[in-house]
Amino acid sequence: MPDMIVEATVNGRKIKKIAQTHQRLLDFVREELELTGTKDGCGAGECGACSMFVDGRLVKSCLVPVGKAQGSEVETIEGLGRTGELSVMQKAFHKAGASQCGYCIPGMVMAATAAIRVNPAVGDEEIKERLGGNICRCTGYQKIFDAVGLARDVMNGRLPATALDEDAAEGGRYIGANVRRLDAPSKVSGALKYAGDQVMPQMLHVQVLRSPHAHARIVSIDTSEAEAMEGVEAVVTSADVPGKDGFGVFVHDQPIMARGKVRYVGEAIAAVAAEDLLTAKRALQKIRIEWEQLAGLFDPDEAMQAGAPVVHDYAPDNLVKHIPIRKGDVERGFAEADLVIEERFETQQVEHAYLEPEAGIGYVDPDGVVTIVSPSQNITHHRHMLAEILAMPINKVRFVMSPVGGGFGGKEDMIYQGMLALLAIKSRRPVKLVFTREESIATTAKRHPSRTSYRMGLTNDGRIVASEIRVIYDGGAYGMSTEGVIRKGAILAAGPYAVPNVKIDTYGVYTNNTPSGAFRSFGSLQTQFATESMLDMAAENLGLDPFEIRRINAMQAGDLTHTKQELKSVSLLQCLDGAEKASGWETGAPTVRGATREDLDGEGCRKPCRLGARFHAEIPAPKLSEVA
Amino acid sequence: MALKRGRGVAGGWYGIARTASIDRASTWAELDDGGTAKVVTGVTEIGEGILTVLAQIAAEELGVRPWEVTIGDNDTARAPEAAHAGATRQTYMIGNSVALACREARQRLYEQMADHWGVEVSSLASRDGEIWSEGSNHRCTMREAVDISKKRGVVPVGSANFTAHHTGLDGQDGSGRPWQAYVFGAQVAEVEVDTMTGEVQVLGIWAAHDVGRAVNPKGVEGQIEGGVVQAIGQGLMEHYETKDGRTTTPGFAKYILPTALDVPKVTSVIVEDPDPIGPLGVKGIGEPAMVPTIPAVMNAIYDAIGVRITSLPATPDKIVEALRKKNESAKAVQSAA
Ligand code: FES
Ligand code: FES
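Rules used in this analysis
- Residues numbered from 1 in each chain as written.
- Chains lettered and ligands numbered in written order.
- Predicted model: local features only at pLDDT ≥ 70, side-chain atom pairs only at ≥ 80, totals over all residues.
- Heavy atoms only, no water.
- Helix = DSSP H or I, 4+ residues; strand = E, 2+ residues; numbered from the N terminus.
- Contact = heavy atoms within 4.5 Å.
- Lys, Arg positive; Asp, Glu negative; His and termini not counted.
- Charge placed at Lys NZ, Arg CZ, Asp CG, Glu CD.
- Phe/Tyr/Trp six-rings, centres within 6.5 Å; stacked < 30°, edge-to-face > 60°.
- Buried < 20%, exposed > 50% of the residue type's maximum accessible area, 1.4 Å probe, protein only.
- Lys NZ or Arg CZ within 6 Å of the ring centre and 35° of its normal.
- Polar contact = N/O pair within 3.5 Å; in protein donor to acceptor, adjacent residues only side chain to side chain.
- Domains from an automatic or database assignment.
- Buried area = accessible area lost by both parts, 1.4 Å probe.
- Salt bridge = Lys/Arg side-chain N within 4 Å of Asp/Glu carboxyl O.

### Some details on the overall build of chain B
Argument step 1. Summing up its helical and strand segments, chain B has 6 helices and 13 strands in all.
Argument step 2. Across chain B, the fraction of contacts at a sequence separation of at least 24, relative to all contacts at a separation of at least 6, is 72%.
Argument step 3. One way to put it: in chain B the 32 positive side-chain charges average out to a point 4 Å from where the 42 negative ones average out.

### Some remarks on the packing of aromatic side chains
Argument step 1. Tallied over the full model, the rule gives 12 aromatic pairs over all chains.
Argument step 2. Relative to F529(A), the ring of F345(A) has its centre 5.5 Å away and its plane inclined at 75 degrees; by these criteria the two rings are edge-to-face. With F345(A) in strand β13 (residues 339–347) and F529(A) in helix α16 (residues 524–542), this pair connects stretches of sequence that are 184 residues apart. Take F345(A) and F529(A): they sit in the same class, and that class is buried.
Argument step 3. A network of ring pairs unites the aromatic residues W13(B), W179(B), Y182(B) and F184(B) as a single cluster.
Argument step 4. Its end group placed over the ring of Y354(A), K411(A) keeps NZ or CZ at 4.2 Å from the ring centre.
Argument step 5. A cation over an aromatic ring shows up here: R447(A) above the ring of F519(A), its NZ or CZ 4.1 Å from the ring centre.

### Notes on the interface of chain A and chain B
Argument step 1. At the junction of the two partners, chain A supplies 141 residues and chain B supplies 138 residues.
Argument step 2. Where chain A meets chain B, there are 67 residue pairs in polar contact (both at pLDDT 80 or more).

### Quick word on the domain arrangement of chain A
Residues and elements named next belong to chain A.
Argument step 1. The domains assigned to chain A are domain 1 (1–79), domain 2 (80–168 + 185–191), domain 3 (204–293), domain 4 (318–350 + 446–583), domain 5 (359–443) and domain 6 (592–627).
Argument step 2. When each unit is reduced to the centre of its C-alpha atoms, the spacing between domain 4 and domain 5 is 37 Å.
Argument step 3. Taken together, the contact between domain 4 and domain 5 spans 7 residues of the former and 9 residues of the latter.
Argument step 4. Counting the surface lost from both domain 4 and domain 5, the interface buries some 580 Å², and carbon and sulfur atoms represent 51% of this.

### Here we look at the pattern of salt bridges
Argument step 1. Throughout the structure, instances matching the rule amount to 71 salt bridges over all chains.
Argument step 2. A salt bridge links K426(A) to D240(A); the shortest N-O distance between them is 2.9 Å. Residue K426(A) is found in helix α13 (residues 417–427), and its partner D240(A) is found in the loop between β8 (232–236) and β9 (261–262); the two are separated by 186 residues along the sequence.
Argument step 3. Look at K426(A) and you get partly exposed, because its relative accessible area is 37%.
Argument step 4. Between K38(B) and E30(B) there is a salt bridge, with the nearest N and O atoms lying 3.3 Å from each other.

Below is the structure:
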């Protein structure tokens with residue numbers, strides 16, 4: 001690969017460095033200049049995490065070949081607080097509570113800085129347009145808008161600089177106070193090192209060979225050619241696992257790498273550690289696999305039918321788990337009902353889309369402790385499992401949780417840490433793996449898609465007398481969190497309502513789809529969507545206000561839950577009151593009365609988006625020194 | 001083009017911490033030189049702000065300031081077990097264990113200071129960097145107090161474990177005590193639906209959630225706003241699709257996420273119904289924040305255009321198709337009449 005010499009000014013300093021022609025500006029800045037505040041969230045111009053200034057213009061540096069930076073002036077997130085003090089914009093992000101996981105934040109701060117540079121009087125609606133190319137998965141954007149507005153007002157003198165300071169906690173009481181996030185300065189400045197930002201001396205780079213097939217037997221794997229390549233230090237497959245090869249949150253049904261067969265497209269088969277990324281990638285192409293295709297299973301209903309392809313031998317019925325809940329007698333309940341409603345609901349597979357793709361480092365420390373640094377949401381359980389997989393004493397395995405750039409449940413599974421351990425042991429060197437966005441989307445767990453059949457019986461006065469709920473969750477190829485997801489889905493399915501007769505069945509099944517796993521609200525989002533839709537359908541039928549029907553049925557202190565647990569205190573009525581009052585809700589049955597409502601478009605509503613209408617005439621402003 | 005508005009409401013509930021199995025978390029705490037504090041626990045930040053929450057709890061319990069608290073965490077070889085970062089358990093499980101560990105460390109310090117001043121331990125209080133004995137003029141900084149304690153040979157340390165006593169579900173009828181703390185919530189959504197394009201815009205969400213006790217109200221709002229927007233993503237646009245197990249939505253160009261232009265204004269109402277069991281009264285908010293949003297939005301769409309979406313996401317195509325079907329059946333009814 002021919003090299004080139006890049007000369008540029010970066011954050012006010014002249015630099016002259018060797019670059020490889022295939023590098024993007026993003027790689028050059030992160031790897032050659034070791035400025036890792038700028039993040040790689042997608043590598044495709046879609047997320048804005050890599051935003052920086054080139055010759056004063058905001059660019060997505062993942063789309064800029066390094067050659068384009070020749071002779072230019074580059075400004076990264078590290079350049080904003082060059083004096084060691086945060087810029088006004090960075091302070092405003094700190095004050096407003098605008099950073100959560102922080103991974104999108106350097107890019108957001110750059111885009112926000114650009115907005116103010118272009119138009120120092122940027123309006124609230126224009127701020128949204130200007131940030132439209134930057135994705136944040138954590139904050140819901142509201143606190144980010146607040147931050148940009150705050151910075152603008154401080155910069156143009158409408159607010160004093162003290163508006164950025166910590167608010168005093170009343171009487172030194174800190175519980176209940178809006179203490180500014182202690183980790184925000186490290187996030188708004190880009191100083192925080194996520195796993196993908198960390199390097200170790202002698203570190204090797206890892207790439208993973210993944211299955212192109214959804215269901216196929218591995219007849220043979222030949223890694224000899226890959227292993228013989230110059231620069232390749234280690235290749236591992238399931239044959240390298242010394243202990244009991246299986247992980248999972250509930251059932252340990254997933255091997256570190258495919259063992260005997262693959263069960264989904266993207267499943268890891270082998271991993272290579274090499275001196276550089278390119279060599280590791282090339283080595284993957286030298287691994288030879290002989291396949292025997294198996295019939296695939298892609299529909300969760302079909303999975304439950306006799307004769308369906310079997311995904312795991314231990315579960316010939318493809319059932320991960322069934323959770324039944326029974327209370328009272330539903331048939332008697334339906335017999336008492338004046339109104340019975342039946343409906344089916346479906347929810348889709350959803351990607352966590354945390355802005356930080358999976359990444360990790362593995363090494364063996366001088367005392368022989370196998371150490372994994374990764375954004376794992378469950379280091380305790382991962383250590384247990386990895387010690388068994390490696391057949392090592394548990395205190396010889398160590399997990400360190402690196403800063404997590406968003407998790408939402410998606411980083412609870414030990415899907416790559418085992419490969420890092422095996423490669424570190426085999427190569428006796430530190431190894432690092434960083435997923436691409438495509439790899440993260442295609443191979444990591446999703447929210448369980450679900451199919452719900454619901455039957456609800458009510459009396460004319462609006463009381464639910466029976467609920468019968470049956471849900472099939474598609475668990476995909478491995479068990480992961482499925483058992484827990486369908487359990488929580490079942491327990492909460494009938495909603496926070498006192499229903500005397502309940503019959504709930506949730507099923508988790510195996511298919512050859514991308515595995516489903518833990519995802520914020522864990523199986524209950526699916527079932528409660530159904531319940532809350534049913535309640536409105538019932539309310540329309542019975543001529544009841546939707547708040548009213550919920551109040552009539554709300555659990556109260558002393559009531560039994562659907563699992564027959566007595567509740568000591570229940571705040572549902574307070575929450576209903578709170579939402580009703582805050583929204584200024586107009587009472588009435590849900591009979592498609594949108595057109596006649598008088599409570600619309602009040603405080604608490606944004607203006608609808610009419611695309612392009614929000615840009616004010618652009619005032620090309622000179623660079624403001626106070627934002628630099 | 002016809003733009004129609006509507007509103008909908010939905011409720012929801014959630015259990016705090018691990019489901020149907022005993023949950024536990026532990027912490028080590030030390031009042032350190034300079035009147036600072038060290039708190040070590042096995043797991044923490046995934047973006048929700050728990051580090052700051054724990055520092056606030058430690059500060060309040062010890063009588064120092066949050067920025068004087070150093071949290072050591074996230075390392076199975078250096079910190080006591082606190083289990084995992086999920087299940088809306090961190091403020092509840094780890095927050096309570098931090099409080100208990102800090103109380104023990106504080107007690108160590110108080111015993112030394114009570115002796116030093118010749119007063120009753122029960123007369124001591126500390127807050128915001130100072131320690132004093134009520135009803136006397138004994139008062140000094142926490143920095144001085146730690147120094148005095150150490151010169152008397154005592155490092156003020158504490159450790160604690162917090163347990164949530166959950167039981168498994170019965171295999172036949174599911175009865176059991178899956179959680180000891182429950183939270184509830186309700187949200188109202190206001191939408192605008194373009195009946196030509198089928199596009200839905202969520203303009204406002206009013207979200208009332210019980211969190212037990214808000215340690216950092218702005219952080220609670222942040223969780224609600226983030227949860228609401230994730231739910232809107234699932235409700236209206238996000239769809240990971242596969243064909244024969246192979247994804248057809250491999251990047252963010254195909255897998256559509258909510259951006260700054262898609263999000264509603266969110267008005268949060270924080271309800272505080274303290275948990276009677278834990279020492280702090282706190283519960284949690286991370287996951288429950290997103291539970292009522294989708295049905296509230298679907299109910300609002302129905303209110304606007306009389307179409308009930310039962311299959312997520314409610315994409316423009318689905319809305320247009322459902323409207324077409326609705327109009328057809330309305331016509332059929334008319335012609336039959
Ligand atoms: S836009 Fe460049 S990394 Fe996402
Ligand atoms: S804070 Fe924006 S992605 Fe996490």
